[in-house]
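# A look at the structure
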Amino acid sequence: MFPEARIALVREKVGRFSFLLLSILLMFSLRPFLEPFVRISILSEAFFSLVMLTGIYSISYRKRDFVLLFSTGVPALLLGWAAEILRLPVAKVAASIFGALFFALALILILSYVNRQREVTRDVVMGAVCSYFLIGIVWAHVYFLLESGSPGAFSLPRGLSGDPVHFIYYSFITLTTVGYGDVLPVSNPARSLAVLEAMAGQMYLAVAMARLVAIHISQTQGVSEK
């Protein structure tokens, strides 16, 4: 069996987005408990690398999709590790730019796939969940880039630097409209981005869930009529 056929078979049996969702959940659930043993920046790069690699594997069904994801994901990985090893702030900013592009492309491709489906399957549900996580990750990179280009755009708690990992936390707190208030947008661009993310999170849940429910109802009615 050819390698492409094997990959397609594994995707069909396990699920198209299973590995991507698993890697995202591991990033959120395991990283905090490993921080006492490994430097947080190394952990962040390791988990981001895992998410990117599984993203390329999960989403790249067509050659064009693979080229787009590979051309943004690989530079993000290389620059991220270069920034970590060589301590180059410029490399960290460049890695975040490519990372934002990668996750934005991945989000668009997953949403395109989910919107084309006419049945609610496990894969479709996992794709919708992955999309929600990717919205928060994309915005986290945008926040970090804003803080890098305009220091002081956000008010961070004492002892915390403007590291991408801290904006992951802030992004999802904003996306879910929890808003603890420990990280605050100070500049007007930062506040505008926070408002847009909060609106995007609520609109995504409302539209995506409504569409999945409508498809499921239509699917159930079609089965009952048969």
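Check the entry above for the structure.
The structure displayed is predicted, hence computed values, not measured ones.

## Overview of the packing of aromatic side chains
Within the structure shown, the criterion is met by 13 aromatic pairs. With a centroid separation of 6.1 Å and 55 degrees between ring planes, the pair formed by Phe 48 and Phe 103 is classed as tilted. With Phe 48 in helix 3 (residues 40-59) and Phe 103 in helix 5 (residues 89-116), this pair connects stretches of sequence that are 55 residues apart. The burial state of Phe 48 is the same as that of Phe 103; both residues are buried. Summarising the aromatic geometry, the rings of Phe 154 and Tyr 170 are spaced 5.5 Å apart at their centres and angled 70 degrees between planes, so their arrangement reads as edge-to-face. In this pair, Phe 154 sits in strand 1 (residues 154-155) while Tyr 170 sits in helix 7 (residues 164-175), placing the two residues 16 residues apart along the sequence. According to the relative accessible area criterion, Tyr 170 is buried, its value standing at 5%. Linked through ring pairs, Tyr 143, Phe 154, Phe 167 and Tyr 170 together constitute an aromatic cluster. We note Arg 16 situated over the ring of Tyr 113; from NZ or CZ to the ring centre the distance is 4.3 Å.

## A closer look at a nonpolar patch on the surface
The grouping of Val 195, Leu 196, Met 199 and Met 203 at the surface amounts to a nonpolar patch, some 380 Å² of accessible area in total. Relative to the elements of secondary structure, Met 203 occurs in helix 8 (residues 188-225). According to the relative accessible area criterion, Met 203 is exposed, its value standing at 52%.

## As for the environment of Ala 214
Among the secondary structure elements, Ala 214 is positioned in helix 8. For Ala 214, a relative accessible area of 43% gives the class partly exposed.

## Some remarks on unusual backbone geometry
Residues other than glycine seldom take positive phi values, yet Arg 87 does so here, at roughly 60 degrees. Locating Arg 87 in the fold gives a position in the loop between helix 4 (63-86) and helix 5. When its relative accessible area of 53% is taken as the criterion, Arg 87 is described as exposed. For Thr 177, which is not a glycine, the phi torsion comes out positive at approximately 55 degrees.

## Brief notes about the nonpolar core
One finds Ile 59, Phe 103, Ile 110, Leu 134, Ile 137, Tyr 143 and Phe 154 to be the most contacted residues of the largest nonpolar core, which totals 52 residues. Of all elements in the fold, only helix 2 (18-34), helix 3, helix 4, helix 5, helix 6 (122-149), helix 7 and helix 8 reach the threshold of two or more residues within this core. Among the elements that make up this core, the one with the highest residue count is helix 6 (15 residues). Beyond its immediate sequence surroundings of up to four residues, Ile 137 is in contact with Met 27, Phe 48, Phe 103, Ile 168 and Phe 172.

## Looking at the pattern of salt bridges
By the definition in use, this model includes two salt bridges. Arg 62 serves as the salt-bridge partner of Asp 65, at 3.1 Å between the closest nitrogen and oxygen. Note on Asp 65: relative accessible area 4%, which makes it buried. Judged by its relative accessible area of 41%, Arg 62 falls in the partly exposed class. Each of Arg 62, Arg 64 and Asp 65 takes part in one network of salt bridges that share partners.

## Some details on helix 3
Counted at 1.5 Å a residue, the expected span for helix 3 with its 20 residues is 28 Å, and the 28 Å between its end C-alpha atoms agrees. The buried fraction of helix 3 amounts to 14 of the 20 residues, a majority that puts the element mostly inside the structure.

## Examining the packing of helix 6 against helix 7
Contact pair helix 6 / helix 7: the axes reach a minimum separation of 8 Å and the direction vectors enclose 125 degrees. The angle between helix 6 and helix 7 places the two elements in the oblique class. In this structure, helix 6 meets helix 7 at a crossing whose hand is right-handed. Residues Tyr 132, Phe 133, Ile 135, Gly 136, Ile 137, Trp 139, Ala 140, Tyr 143, Phe 144 and Glu 147 of helix 6 form the contact with helix 7, whose own contacting residues are Pro 164, Phe 167, Ile 168, Tyr 170, Ser 171, Phe 172, Thr 174 and Leu 175. Residues of the contact of helix 6 with helix 7, tallied by class, amount to 14 nonpolar, three polar and one charged.

The rules behind each value
Residues numbered from 1 in each chain as written. Predicted model: local features only at pLDDT ≥ 70, side-chain atom pairs only at ≥ 80, totals over all residues. Heavy atoms only, no water. Phe/Tyr/Trp six-rings, centres within 6.5 Å; stacked < 30°, edge-to-face > 60°. Helix = DSSP H or I, 4+ residues; strand = E, 2+ residues; numbered from the N terminus. Buried < 20%, exposed > 50% of the residue type's maximum accessible area, 1.4 Å probe, protein only. Lys NZ or Arg CZ within 6 Å of the ring centre and 35° of its normal. Patch = residues over 30% accessible without salt bridge, like charges linked within 9 Å, V, L, I, M, F, W, Y side chains within 5 Å. Areas by Shrake-Rupley, 256 points an atom, 1.4 Å probe, with all protein chains shown as cover. Salt bridge = Lys/Arg side-chain N within 4 Å of Asp/Glu carboxyl O. Core = buried A, V, L, I, M, F, W, Y, C linked by side-chain atoms within 4.5 Å. Contact = heavy atoms within 4.5 Å. Expected span 1.5 Å × (residues − 1). Axes fitted to C-alpha atoms, helices over the stretch in contact; angles between N-to-C directions. Parallel < 35°, antiparallel > 145°, perpendicular 65-115°, else oblique. Left-handed = near helix turned anticlockwise from the far one by under 90°. Nonpolar A, V, L, I, M, F, W, Y, C, P; charged D, E, K, R; others polar.

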